Amino acid sequence: MSKLGSSELFQLIKQLSKTEKRHFKVFASRHVIGETNKYVKLFDIIDKQREFDESELLKERFITQLPQLKNRLNEIILKSLTIYYSNSSVDSRLHEFLQHIKVLFDKGLFGQCEKIIWKAKEMANKYEKHLQLLDLLKWEIELMRVQSFAGRTKMEINVLHHQMKVVMDKYKISNQYDYLISRISMLLNKEGILRDKTGLTSIEKLMQNPLLKSRDKARSFDSLRCFYLCYGFYYIMLDQVNNSYKYIVKLVGLFEKQPHQITQNQGQFISALNNLLVIQLRLKKFDEFSLTVKKLRAIITKSKHIKNKILYISNTLEIEMHIHRGQFNKGLELVIDIYEANFLKSLNSRQKMVLHYNIAYIYFGCGNYSSANNFLNKILNDTTVSFKDIIYCIARILSIIVHFELRNDDLLKYAIISTIRFLHKRKRLYKFETAILNFLRKKEFRAYSRKKMVSGFKELQTELLDLSKDTFEARILEYFDFISWLDSKIENRSFAEIVKRKSLQAS
């Protein structure tokens, strides 16, 4: 048994829900004879700790061999969780069926064995569990063999072997589709919207695969899921959002036509809804977006990870929706709800960055520049985030605009120089960014009259509007509406007013 890391057991215990903890204690009392109290006591001590402290554990008299005790407790917790979730997972049920088949077969109870095989095959077929189905077909053939094929015909044997071939073909094709979507997803994460021929050549080569020529080759649920995803991501990379929308709608529809797949593949369904929500925002389909968010939040799950994923996606994207519509005060109400929901600890560094950026944007829209600055600093001071990420880069630009609004002229000068150096070093400088940074770095700007300042804002606005005709350059407006910010300066109105007005005009 491998030795547990210093805090791995602590992390596992802290991730358990109240019902999971209760189940563990019942399980431990029934299955650990004579030592139950020792493991439950250690469990309770660790559960009460706010931060893991091994030295506190060593003070307990009943603890003599802590490494072995931790390993054993970890093993008991995992066993209790396996049993707790055994009825909710098709994989667990099929594994249990296969164990029952083996026991009954060894005892020579072939009739009972056969009944379980039929029941398990029905489930494996319904949920397209190809590997388990192969095992069940093998058992069915083995049953024939051990009974010397009594009462069996050549046709029955041929049918079973043909079924095995069909299942193996489906499994092989499903793996090929899975490989394609993995490659395309990796390319999307790396390249985003394609700007050069190298990226375009790579994606076009993948899309030339015969499996993507027609959906006819996607003969299973999972293969068809991958087929729709491949095209959804492909069109996103080409910045053809309407085409991507069509395929992601088909993807969500695929799940909804087979509700049992939603139950067993909640993570995949949630990702499909997430993709749909992102596209609905880009297309400004706000009514559809609201319905999809409700659908996402209506998902019932035992998994804490899934619950946190739903909270993150729904809240982060709903904040973005309020940003798009200029409803910054509504967004602020949501920010308060997010902190009350207490799921932030479960987020990875990129998720925290996106959430903190959206919160900063909300505060900026409310005119609370100090709070916006605080959340932007959470991003800029986080060494775990990727400095290549566009959100990080835009956060640096927004931070400069915040310092401009706060009249932090000394900080502004340093931040501009630092950001220009950073963006050049990362070889990722939009012309949009160059124009804004060059404009804000003018030392004498504060001394301008109102009329001259407005003239300067108008010049910058003309330059940005011209740049926005370039699809690649226009992408930056998806992360912060620089044009509306300039409008607010030119018209002497609040940023929120301008964004809201434009949203109403577009609807």
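Residues numbered from 1 in each chain as written. Predicted model: local features only at pLDDT ≥ 70, side-chain atom pairs only at ≥ 80, totals over all residues. Heavy atoms only, no water.

Enquirer: Is there a simple way to explain the pattern of salt bridges in this structure?
Expert: Oppositely charged side chains are able to pair whenever their charged atoms sit close together. For the coordinates displayed, the defined rule picks out 23 salt bridges. Where R152 meets E156, a salt bridge forms, and the shortest distance between an N and an O atom there is 3.5 Å. A relative accessible area of 29% means that R152 is categorised as partly exposed. When its relative accessible area of 31% is taken as the criterion, E156 is described as partly exposed. For E491, the salt bridge goes to R501, with nearest N and O atoms at 3.0 Å. Highlighted residues: E491 in helix α25 (residues 482-491) and R501 in helix α26 (residues 495-506), separated in sequence by 10 residues. Residue E491 is classed as partly exposed on the basis of its relative accessible area of 32%. What you see here is one network of salt bridges that share partners, running through E491, R493, E497 and R501. (Salt bridge = Lys/Arg side-chain N within 4 Å of Asp/Glu carboxyl O. Buried < 20%, exposed > 50% of the residue type's maximum accessible area, 1.4 Å probe, protein only. Helix = DSSP H or I, 4+ residues; strand = E, 2+ residues; numbered from the N terminus.)

Enquirer: Explanation requested: the packing of aromatic side chains in the structure shown.
Expert: Each aromatic ring pair is summarised here by two numbers: the centre-to-centre distance and the angle between the ring planes. Evaluation of the coordinates by the stated rule reveals 31 aromatic pairs. When the ring of F439 is compared with that of F457, the centres are 5.4 Å apart and the planes differ by 50°; the resulting orientation is tilted. In this pair, F439 is assigned in helix α22 (residues 431-440) and F457 in helix α23 (residues 450-467), connecting sequence segments 18 residues apart. Judged by relative accessible area, F439 falls into the buried class, the value being 5%. Taken together, F328, Y357, Y361, F364, Y369, F432, F480, F482 and F495 form an aromatic cluster joined through their ring pairs. Stacked on the ring of Y247, the Lys or Arg K250 has its end atom at 5.0 Å from the ring centre. Its guanidinium or amino end placed over the ring of Y245, K285 lies 4.9 Å from that ring's centre, counting from NZ or CZ. (Phe/Tyr/Trp six-rings, centres within 6.5 Å; stacked < 30°, edge-to-face > 60°. Lys NZ or Arg CZ within 6 Å of the ring centre and 35° of its normal.)

Enquirer: Where do I start with the side chain of Q261 in this structure?
Expert: Along the polypeptide, Q261 turns up in helix α13 (residues 259-264). Accessibility expressed as a relative area gives 2% for Q261, which makes it buried. The contact partners of Q261, leaving out residues within four places of it in the chain, are K126, Y127, F221 and F255. (Contact = heavy atoms within 4.5 Å.)

Enquirer: Is there a simple way to think about a positive patch on the surface in this case?
Expert: A surface patch of like charges, here positive, comprises R215, K246, K250 and K257. Secondary-structure assignment places K250 in helix α12 (residues 241-257). (Patch = residues over 30% accessible without salt bridge, like charges linked within 9 Å, V, L, I, M, F, W, Y side chains within 5 Å. Areas by Shrake-Rupley, 256 points an atom, 1.4 Å probe, with all protein chains shown as cover. Lys, Arg positive; Asp, Glu negative; His and termini not counted. Charge placed at Lys NZ, Arg CZ, Asp CG, Glu CD.)

Enquirer: Explain the nonpolar core to me, please; I cannot follow it from the model alone.
Expert: Considering soluble globular proteins, one finds that nonpolar side chains tend to be buried as a cluster. Within the largest apolar cluster, 120 residues are counted, with the highest numbers of intra-cluster contacts made by Y357, L464, F480 and W485. With 13 residues, the single largest contributor to this core is helix α11 (residues 221-237). (Core = buried A, V, L, I, M, F, W, Y, C linked by side-chain atoms within 4.5 Å.)

Enquirer: Looking at this structure, I do not really get the environment of G232. What am I missing?
Expert: Within the secondary structure, G232 is located in helix α11. What makes G232 buried here is its relative accessible area of 0%. In this structure, the C-alpha to C-alpha distance between G232 and L94, residues 138 residues apart in sequence, is 33 Å. Here G232 is in contact with S244, Y247 and I248, once residues within four sequence places are set aside.

Enquirer: Please explain the layout of surface pockets as it appears in this structure.
Expert: Empty space among the atoms becomes apparent when a probe as large as a water molecule is rolled across them. Quantified by volume, the second largest pocket comes out at close to 510 Å³. Forming the walls of the second largest pocket are 15 residues, and the residues nearest its centre are K14, Q15, K304, N342 and K345. Sorting the residues of the lining of the second largest pocket by element identifies α1 (8-14) and α16 (304-325) as the ones contributing at least two each. For the lining of the second largest pocket, the residue count by class is 3 nonpolar, 5 polar and 7 charged. (1 Å grid on protein atoms, 1.4 Å probe; cavity = no way out; pocket = protein on both sides within 12 Å on 5 of 7 lines; lining within 4 Å. Points joined across faces, edges and corners; volume = space filled by probe spheres on them. Nonpolar A, V, L, I, M, F, W, Y, C, P; charged D, E, K, R; others polar.)

Enquirer: For this particular structure, what's the right way to read the side chain of T419?
Expert: You can see T419 is positioned in helix α21 (residues 409-425). Residue classification places T419 among the buried residues on the basis of a relative accessible area of 2%.

Enquirer: In this structure, what is going on with the confidence of the model for the protein? I would like to understand it.
Expert: In regions of low pLDDT, the predicted coordinates are not meant to be interpreted in detail. Of the residues in the protein, 94% have a pLDDT of 70 or more, and the chain-wide mean is 87. For the protein, the element scoring lowest by mean pLDDT is helix α24 (residues 471-474), at 76; α12 scores highest, at 97. (pLDDT = per-residue confidence, 0-100.)

Enquirer: Where do I start with helix α5 (residues 66-84) in this structure?
Expert: Residues spaced three or four apart along an α-helix point in a common direction, a consequence of the helix completing one turn every 3.6 residues. Counted at 1.5 Å a residue, the expected span for α5 with its 19 residues is 27 Å, and the 26 Å between its end C-alpha atoms agrees. For α5, the complete set of buried residues consists of L66, L69, K70, N71, L73, N74, I76, I77, S80 and L81. (Expected span 1.5 Å × (residues − 1).)

Enquirer: When you look at the packing of helix α20 (residues 390-405) against α21 in this model, what are you seeing that I'm missing?
Expert: Two measures define how a pair of helices packs: the angle their axes make with one another and the distance between the axes. Relative to each other, α20 and α21 sit at 160°, their axes nearing to 9 Å. Taken together, the axes of α20 and α21 lie roughly antiparallel to each other. For the crossing formed where α20 meets α21, the hand is left-handed. Contacts from Y392, C393, R396, I397, I400, H403 and F404 in α20 reach L411, L412, A415, I416, S418, T419, F422 and L423 in α21. For the contact of α20 with α21, the class distribution of residues is 11 nonpolar, 3 polar and 1 charged. (Axes fitted to C-alpha atoms, helices over the stretch in contact; angles between N-to-C directions. Parallel < 35°, antiparallel > 145°, perpendicular 65-115°, else oblique. Left-handed = near helix turned anticlockwise from the far one by under 90°.)

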